[in-house]
Amino acid sequence: MSFWALTILVALLIAVFLGYTMLRGRKTREPAAAYDLRVYREQLAGVDRDLARGVIGEADAERVRTEISRRILAADTQMQSQTEKAGPPRWVSFTAIACVTIILVGGAGWMYRQMGAAGLPDQPLSLRKEMAETLRAERPSQAEAEAEAPAAPLPQLEESYATLLGQLRETVAARPDDLQGHILLAQHEANTGNYPAAYKAQQRVIELTGETAPADAYSHLAEMMILSANGYVSPEAEEALRQVLRRDPRHGPAQYYLGQMMVQVGRPDIGYRIWVDALRNAPAGAPWAQAIRAQLDDLAFRAGVFNAPSAAAMAPAGPSQSDMEAAAALTPEERQDMILGMVNQLSDRLAAEGGPPEDWARLISALGVLGEGQRAIEIKKEAMEVFAGNDAALEMIDAAALQAGIAQ
């Protein structure tokens, strides 16, 4: 009720302000007749002065006075008529004020009813976290998500390829313990866009492989599940992603999909941290890293991280393949200059935009290799201030200092 009262009060204040403006009337410029009146009066006074000096006679003066007086009467009549028509009748102004008030107050209430969230309670952070956990625990299963997802049309296969695929399906069905057959079936079902069949075959691959199943096997399983559900990360797909990260904590595609799942359940803050961590170890040109960079700025806004580095700043700082090929053709002196330029570029970026502790450690190590010990010491001091209180980061900085020979 307090919100409604405040909204109505603001609308009424605006209506009062507009009504006062309408009642006061529009300010207009002085009518032309008023200017004429001043001129005629000046002329009338001039006639008296000319008569006193003997410039004109009495008869001429009387004739001129009569003409000027006639013009004064005409100008005065014109000005009176313009003043009477200066504004609308008062009943029109009051009617307009009433209409404006109804539109402002009633229209504001109607729009809020249609577009607002009347009666919505406060949503503190703790409540939103509880709601996200509930959503995560009660979200649809893989089967339910597949049932709700629109059926994707399968591509038209060449007759020979379709025949071979049919034979592969029959062979695998007849030999359920054939590991290589299930691997081939999962690959070819995925190639044809039949993702449900692909992940079911991949599940059998993992069952046959047992505990030695690699991280990529679970990653392929999770990806096929997600594609089957039109991008939705189900509890079953999440479990497959967890299995990937248990085997390879730095597995980029799994981190990408896990961050996507956190966004889907209402935890963009966790998703953002997962994606940033994934980008720190992303190889150059990785498709999943490009997908993260394309969405990272928007996710940072949703996560409430307003001082986050841009997606461009999260790009890998290492040399590209073309840089390495160019370096191979340089002389030792030229190669040293090129390396020094890359180190200076990294140093400038960290000074201007900051960066993760890995970049600071890389800079300290590189300066030690280049023989710039004093500069490495200064960078280390700055890094210790930047990451004060972050034990993991400080440990990384100390290790880099030890490698650079400036630990003391």
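A few points on the structure. This is a predicted model, so every value here is computed, not measured. Throughout, a residue's number is its position along its own chain's written sequence, starting from 1. Selection of residues for local features in this predicted model requires a pLDDT of at least 70, selection of side-chain atom pairs for listing and counting requires 80 or more, and totals for whole chains, interfaces and linings are taken over all residues. Based on all heavy atoms of the structure, the side-chain values leave hydrogens and waters out of the count.

### With respect to the overall build of the chain
As a reminder, the rule being used: Comment: elements are numbered from the N terminus, with helices defined as DSSP H or I runs of at least four residues and strands as E runs of at least two. A 1.4 Å probe rolled over the protein chains alone gives each residue an accessible area, and that area as a share of the maximum for its type sets the label: buried under 20%, exposed over 50%, partly exposed in between. Contacts were defined at the residue level, with two residues in contact if any of their heavy atoms lie within 4.5 Å.
Within the chain, the regular secondary structure consists of 19 helices and 0 strands. A buried classification covers 31% of the 408 residues belonging to the chain. Taking contacts inside the chain between residues at least 6 apart in sequence as the whole, the part at least 24 apart equals 58%.

### Some points on unusual backbone geometry
For asparagine 230, which is not a glycine, the phi torsion comes out positive at approximately 60°. On the secondary structure map, asparagine 230 appears in the loop between α10 (215-228) and α11 (235-247).

### Brief notes about the packing of α11 against helix α12 (residues 252-264)
Convention followed: A fitted line through C-alpha atoms serves as each axis, taken over the contacting stretch for helices, and the angle formed by two N-to-C directions is quoted from 0 to 180°. Roughly parallel means an angle under 35 degrees; roughly antiparallel means over 145; roughly perpendicular covers 65 to 115; every other angle is labelled oblique. In this scheme the crossing of two helices becomes right-handed for a clockwise turn of the near helix relative to the far one and left-handed for an anticlockwise turn of less than a right angle. Residue classes follow a fixed rule: Ala, Val, Leu, Ile, Met, Phe, Trp, Tyr, Cys and Pro count as nonpolar, while Asp, Glu, Lys and Arg count as charged, and any other residue, Gly among them, counts as polar.
Remark: α11 packs on α12, axes separated minimally by 10 Å, with the N-to-C direction vectors making an angle of 140°. Viewed along their axes, α11 and α12 adopt a mutual orientation that is oblique. As α11 packs across α12, the resulting crossing turns out to be left-handed. Of the residues in α12, those in contact with Glu238, Leu241, Arg242, Val244 and Leu245 of α11 are Ala254, Gln255, Tyr257, Leu258, Met261 and Met262. Along the lines of polarity and charge, the residues of the contact of α11 with α12 split into 8 nonpolar, 1 polar and 2 charged.

### Observations concerning the nonpolar core
What counts, and what does not: The definition of a nonpolar core used throughout is a set of buried Ala, Val, Leu, Ile, Met, Phe, Trp, Tyr and Cys residues joined through side-chain atoms within 4.5 Å.
In this structure, Leu241, Trp275, Trp288, Ile292 and Leu296 are the most contacted members of the largest nonpolar core, which totals 41 residues. Of all elements in the fold, only α9 (195-209), α10, α11, α12, α13 (268-280) and α14 (287-302) reach the threshold of two or more residues within this core. Sorting elements by how many residues they give to this core places α10 first, with 8 residues. The contact partners of tryptophan 275, leaving out residues within four places of it in the chain, are Gln255, Tyr256, Gly259, Gln260, Ile292, Gln295, Leu296 and Leu299. Membership of the second largest hydrophobic core comes to 20 residues, among which are Ala361, Ile379, Ala393 and Ile397.

### What to know about helix α7 (residues 159-174)
For the record, the criterion: How far a helix is expected to stretch is found by multiplying one less than its residue total by 1.5 Å. The arc refers to the directions leading from the helix axis to the C-beta atoms.
An ideal rise of 1.5 Å per residue puts 22 Å on 16 residues; α7 measures up with 23 Å between its terminal C-alpha atoms. Leu165, Leu168 and Val172 are the residues of α7 that are buried. For α7, the angular spread of the buried residues around the axis is 60°, confining them to a single face. Counted as exposed and oriented over 90 degrees from the buried face of α7: Glu159, Glu170, Ala173 and Ala174. Summarising the contacts, the buried residues of α7 are in contact with α8 (179-191).

### Structural notes on the packing of α8 against α9
Axes are the key here: two packed helices are described by the angle between their axes and the distance separating the axes. Close contact between α8 and α9 brings their axes to 8 Å; oriented N to C, the two are set at 155°. Classified by the angle between their axes, α8 and α9 sit roughly antiparallel to one another. Considering how the two elements wind past one another, α8 and α9 form a crossing that is left-handed. Counting all contacts with α8, which are made through Leu179, His182, Ile183, Leu185, Ala186, Glu189 and Ala190, the residues of α9 involved are Tyr195, Ala197, Ala198, Ala201, Gln202, Arg204, Val205, Leu208 and Thr209. Broken down by class, the residue content of the contact of α8 with α9 amounts to 11 nonpolar, 3 polar and 2 charged.

### Some remarks on the environment of leucine 157
As for its position among the elements, leucine 157 is in the loop between α6 (142-148) and α7. You can call leucine 157 partly exposed: its relative accessible area is 29%. In the structure, leucine 157 is positioned 35 residues away from threonine 192 in sequence and 7.8 Å away in space, judged by C-alpha atoms. Not counting residues within four places of it along the chain, the set of residues in contact with leucine 157 comprises Ala162, Leu165 and Thr192.

### Structural notes on the packing of aromatic side chains
Condition: Only Phe, Tyr and Trp rings take part, Trp by its six-membered ring, and two of them pair if their centres are within 6.5 Å. Stacked means planes under 30 degrees apart, edge-to-face means over 60, and tilted covers everything else.
Inspection of the entire model under this criterion finds 3 aromatic pairs. Plain terms: the ring middles of tyrosine 256 and tryptophan 275 are 5.5 Å apart, the flat faces sit at 10° to each other, and that makes the pair stacked. Residue tyrosine 256 is found in helix α12, and its partner tryptophan 275 is found in helix α13; the two are separated by 19 residues along the sequence. Taken together, the ring pairs in this structure connect Tyr256, Tyr257 and Trp275 into an aromatic cluster.

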